[in-house]
Amino acid sequence: MKPAHARTAAAAVMGLRVAYGAGLLVAPARLSRRWLGAAADAGPTKVPLRGLGTREVVLHSAIAVVARQGGALRPWLLGSIAGDLTDVAATVAHRAELPEGAAPATVLVGGGSALLSALLAVAVDD
């Protein structure tokens, strides 16, 4: 992939991540019920979910802006990868307390997001 195309792809992918984060801010229980089960409906659970949503919006908005402005993307993408892998690790560590299938799904989605960000980091020109 050409570096310019990688930047365009990064901006598009980050837009989707921003949308996901916004969804967590607006409807945290709805978007996390498969991941967390009935606990997603508990008020205290919505606090860290909205924190996660804020991370998604702020970090990935910044990456999209940097991608469009031609700045160094790798450090930002590494931050995104770290966040994804932390979510995966925390889920796997507590998999016994989560609904059946939640941990493998999180490994697939979070790990896939980390892999996509890693591929973009390799493809950009900085």
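Residues numbered from 1 in each chain as written. Predicted model: local features only at pLDDT ≥ 70, side-chain atom pairs only at ≥ 80, totals over all residues. Heavy atoms only, no water.

## Section: the packing of helix 3 (residues 43-69) against helix 4 (residues 74-93)
The condition that has to hold: Throughout, an axis means a line fitted to C-alpha atoms (over the contacting stretch in the case of helices), and angles, computed between N-to-C directions, take values from 0 to 180 degrees. Strands here mean DSSP runs of E at least two residues long; helices mean DSSP runs of H or I at least four residues long; both are numbered from the N terminus. Under this scheme an angle from 65 to 115 degrees is roughly perpendicular, one under 35 degrees roughly parallel, and one over 145 degrees roughly antiparallel; angles in between are oblique. Crossing chirality is assigned from the near helix's rotation relative to the far helix, an anticlockwise turn below a right angle marking it left-handed and a clockwise turn marking it right-handed. Any two residues whose heavy atoms approach within 4.5 Å are treated as being in contact. In this classification, Asp, Glu, Lys and Arg are treated as charged, Ala, Val, Leu, Ile, Met, Phe, Trp, Tyr, Cys and Pro as nonpolar, and every other residue, Gly included, as polar.
One can describe the packing of helix 3 onto helix 4 by two numbers: an axis separation of 10 Å at closest approach and a directional angle of 155°. By the angle between their directions, the pair helix 3 and helix 4 is classed as roughly antiparallel. Crossing angle aside, the handedness with which helix 3 passes helix 4 is left-handed. Contacts between helix 3 and helix 4 involve Leu52, Arg55, Leu59, His60, Ala62, Ile63 and Val66 from the former and Trp76, Leu77, Gly79, Ser80, Gly83, Asp84 and Asp87 from the latter. Split by residue class, the contact of helix 3 with helix 4 holds seven nonpolar, four polar and three charged.

## Concerning the confidence of the model for the protein
Filter applied, for reference: Residue-level confidence of the predictor is summarised by pLDDT, bounded by 0 at the bottom and 100 at the top.
Per-residue pLDDT for the protein averages 95, and the proportion of residues at 70 or more is 100%. When mean pLDDT is taken per element in the protein, helix 4 scores highest with 97 and helix 1 (residues 3-26) scores lowest with 94.

## Things to note about the side chain of Glu56
Topologically, Glu56 is positioned in helix 3. Excluding anything up to four places from it in sequence, Glu56 contacts Arg17, Val18, Tyr20, Gly21 and Ser61.

## Re the packing of helix 1 against helix 5 (residues 102-123)
With their axes 9 Å apart at the nearest point, helix 1 and helix 5 run at an angle of 155° to one another. Overall, the two elements helix 1 and helix 5 adopt an arrangement that is roughly antiparallel. For the pair helix 1 and helix 5, the sense of crossing is left-handed. Residues Pro3, Ala6, Ala9, Ala10, Val13, Met14 and Arg17 of helix 1 lie in contact with helix 5, whose contacting residues are Ser113, Leu116, Ser117, Leu120 and Ala123. Each residue belonging to the contact of helix 1 with helix 5 can be placed in one class, and the counts come to nine nonpolar, two polar and one charged.

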